[in-house]
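# Coordinates in review
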Amino acid sequence: MRRVAIIGGGAIGSAIAYFLGADPTGEAFDITVVERDFSYRQASSALSASSIRQQFSTAINIEMSLYGIDFFRTLGETLRVGDDDVPDIGLVEPGYLYLASAAGVHVLRENHAVQKAHAVDVALLTPDELKARFPWLSTEGIALASLGLSGEGWYDGYSLLQAFRKKAASQGARYVQAHATGLRRQGRTVTGVQLDSGETIDADIVVNAAGAWAAKVAEWVGIDLPVRGRRRSVFSFSCPETLPGCPLVIDTSGIWLRPEGRQFICGFAPPADRDPDDAPLDVEHEAFDNFIWPALAERIPAFEAVRMTGAWAGYYEMNLFDHNAILGLHPDCDNLYFANGFSGHGLQQCPAAGRGIAELIRFGGYRSLDLSPLSFARILENRPLVEKNII
Ligand SMILES: Cc1cc2nc3c(=O)[nH]c(=O)nc-3n(C[C@H](O)[C@H](O)[C@H](O)COP(=O)(O)OP(=O)(O)OC[C@H]3O[C@@H](n4cnc5c(N)ncnc54)[C@H](O)[C@@H]3O)c2cc1C
């Protein structure tokens, strides 16, 4: 039986563990997931905004999320363990609403054409149509908008991670709480994962699913993985008014917001010159008062009266090369698989990435969705796959 060691037991590592163990008639694997913190305090999967959309600019991201939403809709039965309660990730589908100023109309239309070619359920709205649909929204400065009519929304990321983990464990995957500190290597092959306890887990196959910390794992075998932790703060707030039908709104300022139960959450991407690698996970509190709240209140006048109720910060595991996932083998090493660099859209892609990496390991190639556009080769050959819709 081939032994697989997965470094990182977040949503990506756990989805890979699940898909590897999900085929009872195929080859069986001896799977160990090495996760240093079972409470997932810093894991992106637990600190995520946990949303899903098909409004991307590249075919591969659209296809991955189309599979993601199908998987999420039926997850309860798929990931149920025996007679236990059906896992519930609280999926809702109110859509994403992208707002564009006159300068952004061209890109919005271009993206719309790509999305329509992939049968995404999305519509372009004029400012008048927008006002009719969402009377609580100011259309000042908006020239066009794009609304997902189905298949887009949000869910609970931590429950998703736990559902994958519990199902993977029920299929035989072993979760070990330990810090991986190195890889044992023989020529082009990795033979084991070294732990801080001094122990080594022997392995025929190793998977790097270490999220924002994945570059360290790659470094152990001399591979330069262009993935860094980029801190993203999320703020929650309450508002005395309700906003009927409120989708996840992406404002022209780049700020996003969405309902979260009876409250709202919002966030932003800091400008490039204030977005260092691997910054400590301290919330950028001043950002809320300085520019998030004023911009929100301009777009949605009811937000004049909001009250901040909480905040947290987590890492985007950012692929600095082209803001897309890096999946599969590196040409220098025959059995170290990468599933990294999701750059803010990894949670919705964990079903597609998990299934894809499991196929690569099992069959030596993709069988369902061809994820080769996300291979390491594009980086080595300097062929960026640019995703314009990074939030
Ligand atoms: C604020 C925020 C908002 C987001 N919003 C969205 C969104 O709306 N939609 C979406 O799809 N995605 C979103 N993302 C991105 C998404 O959350 C991530 O892409 C996804 O969770 C990555 O999963 P992962 O398993 O690779 O990483 P993680 O969940 O971080 O898991 C990696 C695990 O590896 C472990 N680990 C690392 N190094 C070692 C080691 N040496 N030894 C042992 N264990 C190790 C860590 O402890 C960690 O648990 C968001 C992220 C953030 C931070």
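Residues numbered from 1 in each chain as written. Predicted model: local features only at pLDDT ≥ 70, side-chain atom pairs only at ≥ 80, totals over all residues. Heavy atoms only, no water.

### So, the nonpolar core
Filter applied, for reference: As used in this record, nonpolar core signifies buried Ala, Val, Leu, Ile, Met, Phe, Trp, Tyr and Cys residues forming a set joined through side-chain atoms within 4.5 Å. The buried label applies to any residue whose accessible area, calculated with a 1.4 Å probe on protein chains only, is under 20% of its type's maximum; exposed applies above 50%, and partly exposed to all values in between. Numbering of helices and strands starts at the N terminus; helices are DSSP runs of H or I of at least 4 residues and strands are runs of E of at least 2.
Counting residues in each nonpolar core, the largest one holds 53 residues, and the members touching the most others are Ile-6, Met-64, Phe-71, Leu-160, Phe-164 and Leu-327. Contributions of two or more residues to this core are made by strand 1 (2-7), helix 1 (11-21), strand 2 (29-35), helix 3 (59-73), helix 7 (157-170), strand 12 (205-208), strand 19 (336-340) and helix 10 (346-363). Counting 30 residues, the second-largest nonpolar core is a separate cluster that includes Leu-125, Leu-130, Leu-137 and Leu-147.

### A look at the domain arrangement of the protein chain
Note the cut-off: Each domain's extent is set by a domain assignment, obtained either automatically or from a database. Note on contacts: a residue pair is in contact if any heavy atoms of the two residues lie within 4.5 Å. In short, buried area is how much 1.4 Å probe accessible area vanishes from two parts on joining, totalled over both. Take a side-chain nitrogen of Lys or Arg and a carboxyl oxygen of Asp or Glu: if they are within 4 Å of each other, that pair is a salt bridge. Pairs of N or O atoms are called polar contacts if they sit within 3.5 Å, as long as, within protein, a hydrogen donor faces a hydrogen acceptor (for residues adjacent in sequence, only side-chain-to-side-chain pairs). Each residue receives one of three labels: charged for Asp, Glu, Lys and Arg, nonpolar for Ala, Val, Leu, Ile, Met, Phe, Trp, Tyr, Cys and Pro, and polar for the others, Gly being one of them.
Under the domain assignment, the protein chain is made up of domain 1 (2-83 + 156-226 + 321-380) and domain 2 (96-151 + 228-318). Relative to domain 2, the C-alpha centre of domain 1 lies at a distance of 29 Å. Counting residues at the interface gives 30 residues for domain 1, matched by 28 residues for domain 2. Both sides together, the interface formed by domain 1 and domain 2 hides about 2400 Å², and carbon and sulfur atoms give 55% of it. Counting the contacts that link domain 1 with domain 2 gives zero salt bridges. For the pair domain 1 and domain 2, the number of links is twelve residue pairs in polar contact (both at pLDDT 80 or more). Ranked by the residues each element gives to the side of domain 1 that touches domain 2, the list is headed by helix 3, at six residues. Classifying every residue of the side of domain 1 that touches domain 2 gives 14 nonpolar, 13 polar and three charged.

### Describing the site of the ligand
Formally: It suffices for a single heavy atom of a residue to lie within 4 Å of a molecule or strand for the residue to be listed as near it. The accessible surface values rely on the Shrake-Rupley method and a 1.4 Å probe; as for residues, cover is taken only from the protein chains in view.
Near the ligand, the surroundings consist of 36 residues, among which Glu-35, Ser-44, Ser-45, Glu-317 and Gln-348 are the closest. Contacts to the ligand include Gly-346, whose backbone N or O atom sits 3.1 Å from an oxygen atom. Starting from 1000 Å² of accessible surface for the ligand in isolation, the protein chains cover 97%. Of all the secondary structure elements, the ones that give two or more residues to the shell around the ligand are helix 1, strand 2, helix 2 (44-47), strand 13 (227-238), strand 17 (307-319) and helix 10. Among the elements that line the shell around the ligand, the one with the most residues is strand 17, at four residues. Residue composition of the shell around the ligand, by class: 18 nonpolar, 14 polar and four charged. Among the domains, domain 1 (2-83 + 156-226 + 321-380) and domain 2 (96-151 + 228-318) are the pair contributing at least three residues each to the shell around the ligand.

### Observations regarding empty space enclosed by the protein
Spelled out, the test is: Only protein atoms enter the 1 Å grid, on which a cavity is a set of points fitting a 1.4 Å probe that cannot get out and a pocket is an open set with protein on both sides within 12 Å along at least 5 of 7 lines, lining residues being those with an atom within 4 Å of a point. Grid points are joined across faces, edges and corners, and a volume is the space filled by probe spheres set on the points.
Inspection of the entire model under this criterion finds one cavity of 30 Å³ or more. For the largest cavity, the calculated volume is near 30 Å³. Lining the largest cavity we find Arg-231, Pro-270, Arg-274, Asp-275, Pro-276, Ala-279 and Glu-284. Residue composition of the lining of the largest cavity, by class: three nonpolar, no polar and four charged.

### Examining the side chain of Asn-335
Mapped onto the secondary structure, Asn-335 falls in the loop between strand 18 (326-329) and strand 19. Among the polar contacts listed, one links the side chain of Asn-335 to the backbone oxygen of Asp-204, at a separation of 2.8 Å. Beyond its immediate stretch of four places on either side in the chain, Asn-335 contacts Arg-188, Thr-189, Val-190, Asp-204, Ile-205, Val-206 and Leu-329.

### Remarks on the pairing of strand 19
Let me state the cut-off plainly: Whether two strands pair comes down to DSSP finding at least two bridges between them.
In terms of burial, strand 19 is largely enclosed, as five of its five residues are buried. Residues Leu-336, Phe-338 and Asn-340 point to one face of strand 19 and Tyr-337 and Ala-339 to the other, with burial holding for every one of them. Across three bridges, strand 12 lies against strand 19 in parallel orientation. If you follow Val-206 over to strand 19, its bridge partner there is Leu-336. Bridging between strand 18 and strand 19 involves four bridges; their strand directions are antiparallel. Residue pairing in the sheet places Leu-327 in a bridge with Ala-339 of strand 19. In this structure, the hairpin formed by strand 18 and strand 19 is closed by a connection of six residues.

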